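Here is how the chains run, residue by residue.
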Amino acid sequence: MKVPEPQVTSAAPRMTRAAKGAPVPGQRWKLPEPKAARDATLRLVLERRRSTRDFTAEPVAVQQVSQLLWAAQGITAPGGLRTAPSAGAVHPIKSYLVVSRVDGLPPGFYSYDPEDRSLILLQEGDRQELLSKVCMDQQCVADSACALLLSAWYGRMRREFGGAAEKLVFLESGHIGQNWHLQAAALGLGSISIGKWDATAMKMLLPIPRDEEPIYLLLAGRR
Ligand SMILES: Cc1cc2nc3c(=O)[nH]c(=O)nc-3n(C[C@H](O)[C@H](O)[C@H](O)COP(=O)(O)O)c2cc1C
């Protein structure tokens with residue numbers, strides 16, 4: 001079966017006024033609009049999705065990153081409803097992006113704001129080699145162009161769902177992860193889930209709030 005190549009634009013992210021010049025923590029990058037992929041049917045992307053561990057050194061486009069983040073956690077309806085379902089519509093999962101090789105985005109650790117479709121720089125610098133160490137030296141982590149870290153804030157989940165909170169958070173992470181993978185497949189990118197890592201070391205490496213727990217790591221890159 002001949003798989004059509006997806007169309008990728010090279011639109012640059014729009015920096016806020018403060019983001020011009022050297023990047024500093026707190027700066028915001030407005031991402032380009034996600035585009036509808038007319039050439040990828042659901043059946044095609046389901047067939048095409050495969051875990052990739054061999055990423056090339058080529059960067060991915062910021063348009064592709066915007067598309068991946070939107071697929072994972074984009075807001076698609078009034079009231080903040082998203083591409084992935086969420087128990088009680090609590091949306092307890094926060095998204096962070098580790099950027100290594102993305103055209104138009106400095107390497108660093110960002111949080112994703114799905115309401116504004118923007119990235120906020122939390123820490124500048126390439127974290128991929130150290131991230132690979134946290135993930136038991138998995139080479140694919142060091143080779144990927146970017147990684148989505150999902151972390152959970154349990155506060156409201158525990159109030160609403162008690163002892164079921166953890167299970168519900170894990171289930172929701174799986175939905176988000178599959179959206180990431182299917183979007184990567186639609187864009188012709190490689191992706192993989194990474195579950196083998198040390199949570200304590202992850203929290204020491206990446207500055208997520210103390211009341212959040214890192215749950216799931218999803219890689220993407222060219223293959
Ligand atoms: C929750 C989860 C965690 C995973 N963690 C890793 C991992 O740490 N390293 C890795 O190489 N693959 C990891 N994988 C990928 C699986 O090895 C892969 O999905 C499996 O081999 C089936 O291949 P496929 O995804 O191409 O169908 C993980 C998959 C899932 C769902």
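About the cut-offs
- Residues numbered from 1 in each chain as written.
- Predicted model: local features only at pLDDT ≥ 70, side-chain atom pairs only at ≥ 80, totals over all residues.
- Helix = DSSP H or I, 4+ residues; strand = E, 2+ residues; numbered from the N terminus.
- Buried ≥ 20, exposed ≤ 12 C-beta atoms within 10 Å, placed from the backbone.
- Contact = placed C-beta atoms within 7 Å.
- Expected span 1.5 Å × (residues − 1).
- Near = placed C-beta within 6 Å.
- Nonpolar A, V, L, I, M, F, W, Y, C, P; charged D, E, K, R; others polar.
- Pairing = 2+ DSSP bridges.
- Axes fitted to C-alpha atoms, helices over the stretch in contact; angles between N-to-C directions.
- Left-handed = near helix turned anticlockwise from the far one by under 90°.
- Core = buried A, V, L, I, M, F, W, Y, C linked by C-beta atoms within 7 Å.
- pLDDT = per-residue confidence, 0-100.

Student: It is not clear to me how the overall build of the chain should be interpreted in this structure. Could you clarify?
Tutor: Along the chain, the regular secondary structure elements total seven helices and 12 strands. Within the chain, buried positions represent 41% of all 223 residues. For the chain, long-range pairs separated by at least 24 residues make up 73% of all intrachain contacts whose partners lie at least 6 apart in sequence.

Student: What is the right way to read helix H6 (residues 165-187) from this model?
Tutor: Along an α-helix, a turn takes 3.6 residues, which lines up residues three or four apart on a common side. With 23 residues, H6 extends 33 Å from end C-alpha to end C-alpha; this agrees with the ideal 33 Å at 1.5 Å per step. One or two positions beyond H6, positive phi appears at Gly188, with a value near 80 degrees.

Student: Sorry, what's going on with helix H2 (residues 62-73) here?
Tutor: Its 12 residues give H2 an end-to-end C-alpha distance of 16 Å, which sits within 8% of 16 Å, the value for a rise of 1.5 Å per residue. Of all 12 residues making up H2, 12 are buried, and the element is well covered by its neighbours. Turning to H2, its buried residues number three or more, namely Val62, Gln63, Gln64, Val65, Ser66, Gln67, Leu68, Leu69, Trp70, Ala71, Ala72 and Gln73.

Student: Any chance you could explain the site of the ligand here in plain terms?
Tutor: Taken together, the residues surrounding the ligand are Arg50, Ser51, Arg53, Gln138, Ile192, Ser193, Ile194, Gly195 and Lys196. Looking at the shell around the ligand residue by residue, the classes come out as two nonpolar, four polar and three charged.

Student: I'm lost on the pairing of strand E10 (residues 146-153) in this one. Help?
Tutor: Sheet faces and side chains relate simply in a regular strand, where the side chains alternate between the two faces. Summarising burial for E10: seven of the eight residues are buried, a large majority. Pairing analysis gives seven bridges linking strand E6 (residues 93-99) to E10, with the strands arranged antiparallel. Residue pairing across strands places Ser95 opposite Leu150, the latter belonging to E10. Across eight bridges, E10 lies against strand E12 (residues 212-221) in antiparallel orientation. The partner of Leu148 across the bridge, within E12, is Leu218.

Student: Even after reading the chapter, I still don't get the packing of H2 against H6, so can you show me in this structure?
Tutor: Packed helix pairs are characterised by how far apart their axes lie and by the angle those axes make with each other. As a packed pair, H2 and H6 sit with axes 7 Å apart at the nearest point and diverge in direction by 145 degrees. For the element pair H2 and H6, the recorded crossing hand is right-handed. For the pair H2 and H6, contact is made by Gln64, Gln67, Leu68, Ala71, Ala72 and Gln73 and by Ile176, Asn179, Trp180, Leu182, Gln183, Ala184 and Leu187, respectively.

Student: How do you make sense of the nonpolar core when you look at a structure like this?
Tutor: Taken as a class, soluble globular proteins show a tendency for nonpolar side chains to be buried jointly. Counting 56 residues, the largest nonpolar core has Leu97, Cys146, Ala147 and Leu217 as its most contacted members. Take this core: its biggest share by element is eight residues, from H6. Cys146 has contacts with Val60, Val65, Leu97, Val98, Val99, Ser100, Val102 and Ala220, leaving out every residue within four places of it along the chain.

Student: Help me out: how do you make sense of the environment of Gln178 in this one?
Tutor: Tracing the sequence through the fold places Gln178 in helix H6. The spatial distance from the C-alpha of Gln178 to the C-alpha of Ile192 is 9.8 Å, given a sequence separation of 14 residues.

Student: I tried to follow unusual backbone geometry on my own but got confused; where do I start?
Tutor: Glycine aside, the phi torsion of most residues is negative, and most peptide linkages are trans. The phi torsion at Met136 lies on the positive side, around 55 degrees, for a residue other than glycine. If you trace the backbone, Met136 turns up in the loop between helix H3 (128-134) and helix H4 (139-143). Positive phi, normally seen in glycine, also occurs at Asp137, with a value near 60 degrees. On the neighbour-count criterion, Asp137 (9 C-beta atoms within 10 Å) is exposed.

Student: Which parts of the structure should I look at to understand the pairing of strand E8 (residues 108-113)?
Tutor: Looking at chain direction, E6 and E8 are connected through four bridges and run antiparallel. If you follow Tyr96 over to E8, its bridge partner there is Ser111. Count of turn residues in the E8/strand E9 (residues 118-124) antiparallel hairpin: four residues, of which Arg117 carries a positive phi of about 45 degrees.

Student: What am I meant to see in the confidence of the model for the chain here?
Tutor: Any region with low pLDDT has predicted coordinates that should not be read closely. Mean pLDDT over the chain works out to 91, with 90% of the residues at or above the 70 mark. Under a pLDDT of 50 for its full length, residues 1-12 has, in the predicted model, 22 contacts with residues more than four places off or in other chains.

Student: Sorry if this is basic, but what is going on with the environment of Ser173 here?
Tutor: Note on placement: Ser173 falls in helix H6. A count of 20 C-beta atoms within 10 Å places Ser173 in the buried class. Distance in space between the C-alpha atoms of Ser173 and Ile215 is 7.5 Å, their sequence separation being 42 residues. Not counting chain neighbours up to four residues away, the residues in contact with Ser173 comprise Ile93, Leu150, Ile215 and Tyr216.

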